[in-house]
Amino acid sequence: MVLGTNLKHIATAAQHNEVINNNENVMICCGRMGPMCIPVYDIMEDLEEEYPHVAFYDMPFDSPEAHVIRNAPECSSFMGLPFTVYYKNGKLVKATSSIQSKAQITSILNEKLA
Amino acid sequence: MNYDIIIIGAGPSGLTAGIYAARAKAKVLIVNEGSVGGQMVLTHQIENYPGVESISGYQLSKIMRKQAKTFGCDIKTGVELTKISLEGDVKSIEIDSKETFTAKSIIIASGGRSRSLNVKGENEFKGRGISYCATCDGDFYQNMEIIVVGGGNSALEEAVSLTKYASKVTIIHQFDHFQGYQHAIDEAKANPKINFLLESKIVEFLGTEKVEKVKVENLKTGEINEMSIAGVFIFIGYVPQTERFKGIIELNQWGEIIVDENLQTNQKGVFAAGDARVTRTRQITTAVADGTVAALRAVDFINQK
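About the criteria used
- Residues numbered from 1 in each chain as written.
- Chains lettered and ligands numbered in written order.
- Predicted model: local features only at pLDDT ≥ 70, side-chain atom pairs only at ≥ 80, totals over all residues.
- Helix = DSSP H or I, 4+ residues; strand = E, 2+ residues; numbered from the N terminus.
- Buried ≥ 20, exposed ≤ 12 C-beta atoms within 10 Å, placed from the backbone.
- Contact = placed C-beta atoms within 7 Å.
- Nonpolar A, V, L, I, M, F, W, Y, C, P; charged D, E, K, R; others polar.
- Axes fitted to C-alpha atoms, helices over the stretch in contact; angles between N-to-C directions.
- Parallel < 35°, antiparallel > 145°, perpendicular 65-115°, else oblique.
- Left-handed = near helix turned anticlockwise from the far one by under 90°.
- Domains from an automatic or database assignment.
- Pairing = 2+ DSSP bridges.

Another aspect to go through is unusual backbone geometry. Most peptide bonds adopt trans geometry, and most residues besides glycine take a negative phi value. Cis geometry marks the peptide bond from Leu-81 of chain A to Pro-82 of chain A, where omega comes out at -5°. Take Pro-82 of chain A: it is sitting in the loop between α3 (67-70) and β4 (83-88). Even without being a glycine, Glu-199 of chain B presents a positive backbone phi close to 50°. In this fold, Glu-199 of chain B is placed in the loop between β11 (194-198) and β12 (200-207). Owing to 15 C-beta atoms within 10 Å, Glu-199 of chain B belongs among the partly exposed residues under this scheme.

If you look at the interface, chain A gives 20 residues, while chain B gives 24 residues. In terms of residue count, the dominant contributor to the side of chain A that touches chain B is helix α2 (residues 38-50) of chain A (5 residues). Each residue belonging to the side of chain A that touches chain B can be placed in one class, and the counts come to 9 nonpolar, 7 polar and 4 charged.

A few words now on the packing of helix α1 (residues 12-23) of chain B against helix α6 (residues 284-304) of chain B. Helix-helix packing is described using two parameters, namely the angle between the two axes and the distance between the axes. Residues and elements named next belong to chain B. α6 packs onto α1 with a crossing angle of 40° between their chain directions and a minimal axis gap of 7 Å. The pairing of α1 with α6 is recorded here as oblique in orientation. Seen from above, α1 lies across α6 with right-handed handedness. On α6, the residues touching Pro-12, Ser-13, Gly-14, Leu-15, Thr-16, Ala-17, Tyr-20 and Ala-21 of α1 are Ile-284, Ala-287, Val-288, Asp-290, Gly-291, Thr-292, Ala-294, Ala-295, Leu-296, Ala-298 and Val-299. Among the residues making up the contact of α1 with α6, the classes are represented as 13 nonpolar, 5 polar and 1 charged.

Each assigned domain of chain B is listed here: domain 1 (2-114 + 238-304) and domain 2 (130-234). Taking only C-alpha atoms, the centre of domain 1 of chain B and the centre of domain 2 of chain B are 35 Å apart.

Moving on, we come to the environment of Ala-21 of chain B. Residues and elements named next belong to chain B. Structurally, Ala-21 is set in helix α1. Assessed through the 31 C-beta atoms surrounding it within 10 Å, Ala-21 is described here as buried. Residues Ala-21 and Val-299, 278 residues apart in the sequence, show an inter-C-alpha distance of 6.5 Å. Discounting chain neighbours no more than four positions away, the residues touching Ala-21 are Ile-5, Ala-26, Val-28, Ala-295, Ala-298 and Val-299.

All names here are of chain A. Taking strand neighbours across the sheet as the criterion, the 5 strands line up as β1-β3-β2-β4-β5 in an open arrangement whose pairing is mixed. Two strands in the sheet have a free side with no partner beyond their single neighbour: β1 (8-9) and β5 (91-97). Pairing analysis gives 2 bridges linking β1 to strand β3 (residues 55-60), with the strands arranged parallel. Residue pairing across strands places His-9 opposite Asp-58, the latter belonging to β3. Contacting β2 (25-31), β3 and β4, helix α1 (residues 13-22) runs over the sheet at an angle of about 165° to β3.

Shown next, in the form of structure tokens:
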């Protein structure tokens, strides 16, 4: 089960762990193909060139495997898709809920994944 | 940097304008504050775009963007337009308070967006109890009490759809009547999980980690009461994204850009296309047609100079 975006996809929890442990900086957008999620995927695609030191991925929210993000303590108060999570050296350093602007995302990338 | 034509907006009208203008050998810049594709990307499946049996709005926007780039358009997305000058022979825009671009002609294809309440706490609790999409976020509210704000078809229909999850849905609307179709009103009124709070509006969202309460003003009496609530869904309509052009180009009372039959605004060399202009029909096909007309007239305009 993968999303129909042009990003790299994470399908399983094992793959999620592999990605965050094999890359220093990772941003994952966990969502559906809905109106709050698509703009975030779109911004991530735009930023891939500008932030070559960050690995950008998506993950389908409805996959049982996405429990690794859905159940993260940092996402416990979230009630809006997508759940977007940022990892530095395998550690979750920031999480956001619902649609975000490019300015909000770049601000997090610059602050947390520099 | 100088261009022949700058296009503001990268929805179907803006991208089509870019394709046509660039194919006519104009040097084109497309700038966009939101997502490429505009409202089109939010359409799950498009089945009435001639020549394409079925495609997602997301994929169609990707194809249009690729076409525009292939024909030579420069595209800058996710930018903030910090200054715009549309008068005189040389038009200019400034983005992100740092880069300025000039052009002989401008096409405004800035589209529209969902209206927000603009009250205290709305930005803070977005995704933490405030949502603009029932199908996206409805299932977070299983057996909880929620509010739907609005009185049009979207609000009424989404309120009914949210009763699949929520234990109770309160529709808050500022008027004493609804703007939706009668069948949508009847369906909402017949639903035992839905109740109504008319002539009222939310004035503040309260909570710590997420929304816990809202302050609701009774518009008849001015009285403000607090309501405990798990979530609020906002469906209060769609507005053209033209605020920044107010006082520069002529808009009607709804903020739509007034154009002539060539899609030219009251400023010479400034054209408008798609959902931002006065029109009764807002479809991808009409946006694409507008983009075509605006681009060809803009090319005529710069060639006459």
